[in-house]
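So the chains spell out like this:
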Amino acid sequence: MLVSRKRKGSLSRDIIVAVNLITAGVIFPPPLSRAGEGKGRPAVGITGVIVQGMFGGRIFGFDIDATGTDGVLSELQNGGVTAVETFDQNTGKILKVVARMPVGQGSDFITLGVTGTSAGLIERELVRGSFRPNRRFGTINPLDRGRINGRWTPPLDSHHLVSVISRNQGTPNNAVLTLDISANGFMPTIFSSNIAANTFGPVITLTDDEFTNGCPALAYDPVNNRAILGVATLGNPFVPGKIATVDLASGLFTKFTGVGDGDVNGIAYDPVSGTACTTTEIDYSVEFYNIATQSGFAERLPGAVNQFFSGADVEFDPINRLFLVAQPHSSTSSGGSSIHVYDISGNLIESLNGFSFSNASNVVPVHIALNPAARLGFVDGPDAGVTQIESFTY
């Protein structure tokens, strides 16, 4: 049963435009056409371009440059090497092995994302003997240079590790969420960072009980320098979860009850309209919120009939004003995975089928990487061993 649902009319395009004009002084572009409308639109769906690491290992994170033609991934070959590599978005070809090292006990590279303008962020975890892992962070700036040429030194103590970095490009700052791994802590922190410049905002400790239990879903609002977070309600995953905002300058924390039941699996944010889109686990739904009014509505993913079909990652295309929702188990195809495309008013534009990203054995959770100008994306799969990513158009 969906709780406290509001129909789409409660978050109409007229309201969004009004908020947009008042708060941002920006006018929306003409409404997007539906799938299949318009002249000359290329075919959508899987392109057949598949990227596999140079050494055939499992992929430990990837991303693509939203303003260029390169991508970056990390891989780990059991008993062999762990490496960071760049690749061509159009052909899938590995362009350069940026860094590599032998695989030790717990040693690896992880690609955390492309940030700012074309700055790739890489974590190196090096374990020697029984000592605590040594984690360092490097930047590839710009990505097409193909070498780690900068350091990122986040304000972390020995009890915290970087968990999530917001997936926004084109603005200087990103939001960074860390998790407390100490036995008596469980107090995550959050801060903003210009990763390419290696600068940081104040470190804010999350003390609200509902946001210290597990890892909240994270998006970033660059207009107001705030984080947008989503979690399940503490102690009861069968009722609506919570949505929160955190001012990354002052630390001001606000939260409200959401309209989707269970864990918030994914979240993305449109800073122009102030619209957040989330996916929730128990009710296999997608939600759209007006963050300013703390209101929203939910609807089940197309064809979904139970929790097996719940959505996962959500990403926002700021050029075409679209939310893309990953669904590991497709409800619009007889098998495999799907990506559902929505506009900012919550209208389903199209469902892309034929993927395979079940998330069964991923070290880094499934996510969608976008190049909005090209209407091109990459997602995990099709190999079940998580050694490949593939491209699609939308």
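Small disclaimer: the values here were computed from a predicted structure and weren't measured. Within each chain, residue numbers correspond to sequence positions counted from 1 in written order. Per-residue local features of the predicted model are confined to residues with pLDDT of at least 70, and side-chain atom pairs are confined, for both listing and counting, to 80 or more; whole-chain, interface and lining totals are unaffected and use all residues. Only heavy atoms go into the side-chain values, all of them from the structure, while hydrogens and water stay out.

### What about the overall build of the chain?
Helix and strand counts for the chain come out as one helix and 29 strands. Whether two residues are in contact is decided by their heavy atoms: any pair within 4.5 Å suffices. In the chain, once contacts between residues fewer than 6 apart in sequence are set aside, the share between residues at least 24 apart is 47%. Computed with a 1.4 Å probe, the accessible areas rest on the Shrake-Rupley method; for each residue, only the protein chains presented here act as cover. Carbon together with sulfur atoms contributes 53% to the accessible area of the chain, which is approximately 16,100 Å² in total. What counts as a helix is a DSSP run of H or I of at least four residues, what counts as a strand is a run of E of at least two, and both are numbered from the N terminus.

### Some words on the pairing of strand β12 (residues 189-194)
Only protein chains enter the accessibility calculation, which uses a 1.4 Å probe; a residue whose area is less than 20% of its type maximum is buried, one above 50% is exposed, and one in between is partly exposed. Extensive coverage of β12 is indicated by the burial of five of its six residues. We call two strands paired when DSSP finds no fewer than two bridges between them. The sheet contact formed by strand β11 (residues 174-180) and β12 spans five bridges and is antiparallel. Note on β12: the bridge partner recorded for L177 is I190. Note: β12 against strand β13 (residues 199-200), two bridges, orientation antiparallel. By the bridge assignment, S193 is partnered in β13 with F200. Connecting β12 to the next strand, β13, in antiparallel fashion are four residues, including N198 with a positive phi near 60 degrees.

### Quick word on the layout of surface pockets
Picture a little ball the size of a water molecule; that probe, rolled over the atoms, points out where space is still empty. Quantified by volume, the second largest pocket comes out at close to 270 Å³. Only β8 (134-140), β9 (150-152) and β10 (160-165) provide two or more residues apiece to the lining of the second largest pocket. Residue contributions to the lining of the second largest pocket peak at four residues, all from β8. Here the lining of the second largest pocket is built from residues that sort into eight nonpolar, four polar and five charged. Every definition here rests on a 1 Å grid over the protein atoms only: cavities are sets of points where a 1.4 Å probe fits but cannot get out, pockets are open sets enclosed by protein on both sides within 12 Å along at least five of seven lines, and lining residues have some atom within 4 Å of a point. Grid points are joined across faces, edges and corners, and a volume is the space filled by probe spheres set on the points. In this classification, the charged set is Asp, Glu, Lys and Arg, the nonpolar set is Ala, Val, Leu, Ile, Met, Phe, Trp, Tyr, Cys and Pro, and all remaining amino acids, among them Gly, are polar.

### Considering the pattern of salt bridges
Basic side-chain nitrogens of Lys or Arg form a salt bridge, by our definition, when they fall within 4 Å of a carboxyl oxygen of Asp or Glu. Scanning the entire structure with this criterion turns up seven salt bridges. A salt bridge links R167 to D63, with the nearest nitrogen and oxygen atoms 3.1 Å apart. Of the two residues, R167 sits in the loop between β10 and β11 while D63 sits in strand β2 (residues 58-64), which places them 104 residues apart along the sequence. A residue is classified by how much of its surface remains accessible, and D63, at 5% relative accessible area, is buried. In this structure, K255 engages D208 in a salt bridge whose closest nitrogen and oxygen atoms are separated by 3.0 Å. Of the two residues, K255 sits in strand β18 (residues 253-261) while D208 sits in the loop between β14 (204-205) and β15 (217-221), which places them 47 residues apart along the sequence. For K255, a relative accessible area of 35% gives the class partly exposed.

### A closer look at the packing of aromatic side chains
In this scheme Phe, Tyr and Trp rings, the latter by its six-membered ring, pair at centre separations within 6.5 Å, and the angle between planes marks the pair as stacked below 30 degrees, edge-to-face above 60, and tilted otherwise. Per the counting criterion, the structure on display carries 14 aromatic pairs. Ring geometry for F355 and F357: centres 6.0 Å apart, planes at 50 degrees, overall tilted. Counting every residue linked through ring pairs, the aromatic cluster contains F288, F297, F316, F323 and Y342.

### Topic: the sheet that holds strand β3 (residues 70-76)
With respect to topology, four strands assemble into an open sheet ordered β2-β3-β4-β5, the strand pairing being antiparallel. What marks the edges here is a single partner per strand, and that holds for β2 and β5 (94-102). Pairs of neighbouring strands in the sheet enclose a mean axial angle of 15 degrees, with direction left out of account. Strand direction decides the pairing type here: β2 and β3, joined by five bridges, are antiparallel. Fitting a line to C-alpha atoms yields each axis, with helices limited to the stretch in contact; the angle taken between N-to-C directions then spans 0 to 180 degrees.

### Describing empty space enclosed by the protein
Under the criterion given, the structure shown has two cavities of 30 Å³ or more. In terms of lining residues, the second largest cavity is bounded by I59, G61, F62, N362, V363, V364, P365, H367, D380 and V386. Ranked by the residues each element gives to the lining of the second largest cavity, the list is headed by β2, at three residues. The class makeup of the residues in the lining of the second largest cavity is six nonpolar, three polar and one charged.

### Considering the sheet that holds strand β24 (residues 322-327)
An order of β23-β24-β25-β26 is seen for the four strands of this open sheet, with the pairing classed as antiparallel. Looking at strand neighbours, the two that pair on one side only are β23 (314-317) and β26 (348-355), the edges of this open sheet. Averaged over all pairs of adjacent strands, the angle between strand axes in this sheet comes to 20 degrees, irrespective of strand direction. With four bridges joining them, β23 and β24 adopt antiparallel strand pairing.

### Examining the pairing of strand β21 (residues 285-290)
Taken across its six residues, β21 has six buried, putting it largely inside the fold. Here β21 shows no split at all, with S285, E287 and Y289 on one side and V286, F288 and N290 on the other all buried. The pairing of strand β20 (residues 275-280) with β21 spans six bridges and is antiparallel. Bridge pairing in β21 links T275 to N290.

### As for the confidence of the model for the chain
Considering every residue of the chain, the mean pLDDT works out to 89; 87% of them sit at 70 or more. Here residues 1-39 scores under 50 on pLDDT; set against residues more than four positions off or in separate chains, the count is 70 contacts. The pLDDT score gives, residue by residue, the confidence of the prediction method on a 0 to 100 scale.

### Describing the environment of S118
With respect to the helices and strands, the residue S118 is situated in the loop between β6 (108-115) and β7 (119-126). Owing to a relative accessible area of 8%, S118 belongs among the buried residues under this scheme. With 23 residues separating them in the primary sequence, S118 and N141 have C-alpha atoms 6.4 Å apart. If we ignore the near neighbours within four places in the chain, the residues touching S118 are D65, T67, I140, N141, P142 and L143. Reaching out from S118, the side chain makes a polar contact with the side chain of T67 at a distance of 3.3 Å. Polar contacts, as used here, are pairs of N or O atoms within 3.5 Å; protein pairs need one atom able to donate a hydrogen and one able to accept it. Residues neighboring in sequence count only if both atoms are side-chain atoms.

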